[in-house]
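A structural walkthrough
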Amino acid sequence: MKKRFLVFLLTIIAVFTLTSCSKKFTVTFNSNGGTSIDPVEVKKGKTVTKPADPTKEGSEFDGWYLGDSKYNFSSAVKEDITLNAVWKVKTFTITFTTSGGSSVSPQTVEYGKTVTKPADPTRVGFDFKGWNKGDTSYDFSTPVKESFVLRAVWEDRKSTRLNSSHANISYAVFCMK
């Protein structure tokens, strides 16, 4: 009787050990708006392989988190878990070049936000006409998606007066004929 009981007990322990060793858990990846990552099944006590980082427009991937803590991919999986992607909004630097005018501080702008139009710079002998991005007048309502330089556009006051005076003289000469 003792022998049968011992065999029965060892059989139960063996079955329990084998079934618990083959237990699998699901690791789900919540990308929080980023590219999708498929769930992975992991055997109890094994580790999950870190997937390729997801991507999300306007954001930098900060890592996979379990609750409030960054997940350690060398930790054994002991239950079903959901790992959440944490993102940081990208920021960009907008630099202002005044070409001899008063200085204008650069601005740090988050992705999708707009540049704050600075106070007009000043330059002796010139009138400020606006800001250009490349060769185009910059629209301050445009959402930012990259770092860039805005260049001050100036008009020389002397050339404006000279052109005006010259036009008047030409007109006077024209009328005299």
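This one's a predicted model, so the numbers in the text were calculated from it and none came from an experiment. (Residues numbered from 1 in each chain as written. Predicted model: local features only at pLDDT ≥ 70, side-chain atom pairs only at ≥ 80, totals over all residues. Heavy atoms only, no water.)

**Things to note about the packing of aromatic side chains**
All told, the structure shown has 10 aromatic pairs when counted by the stated rule. Each ring, one from Phe29 and one from Trp64, has its centre 5.0 Å from the other, and the planes form 65 degrees; the classification is edge-to-face. One end of the pair, Phe29, is in strand E1 (residues 24-30); the other, Trp64, is in strand E3 (residues 59-66), and 35 residues separate them in sequence. Judged by its relative accessible area of 6%, Phe29 is buried. Considering the side-chain rings of Tyr71 and Phe73, the 5.0 Å spacing of their centres and the 90 degrees angle between planes classify their relative orientation as edge-to-face. Considered together, Tyr71 and Phe73 belong to a single accessibility category, that of buried residues. Within the aromatic cluster, the residues linked to one another by ring pairs are Phe29, Phe61, Trp64 and Trp87. Here Arg123 stacks its cationic end above the ring of Phe126, 3.8 Å away from the centre of that ring. Of note, Lys133 hangs over the ring of Phe148, and the distance from its end group to the ring centre comes to 4.3 Å. (Phe/Tyr/Trp six-rings, centres within 6.5 Å; stacked < 30°, edge-to-face > 60°. Helix = DSSP H or I, 4+ residues; strand = E, 2+ residues; numbered from the N terminus. Buried < 20%, exposed > 50% of the residue type's maximum accessible area, 1.4 Å probe, protein only. Lys NZ or Arg CZ within 6 Å of the ring centre and 35° of its normal.)

**A few points about the sheet that holds strand E10 (residues 148-156)**
Taken together, the five strands give an open sheet; going across it, the order is E7-E6-E10-E8-E9, and neighbouring strands pair in mixed fashion. With one partner strand each, in any of the chains shown, strand E7 (107-110) and strand E9 (136-137) form the two edges of the open sheet. Bridge count for strand E6 (residues 91-97) against E7 is four bridges, and the pairing is antiparallel. Within the sheet, the bridge partner assigned to Thr93 lies in E7 and is Thr108. (Pairing = 2+ DSSP bridges.)

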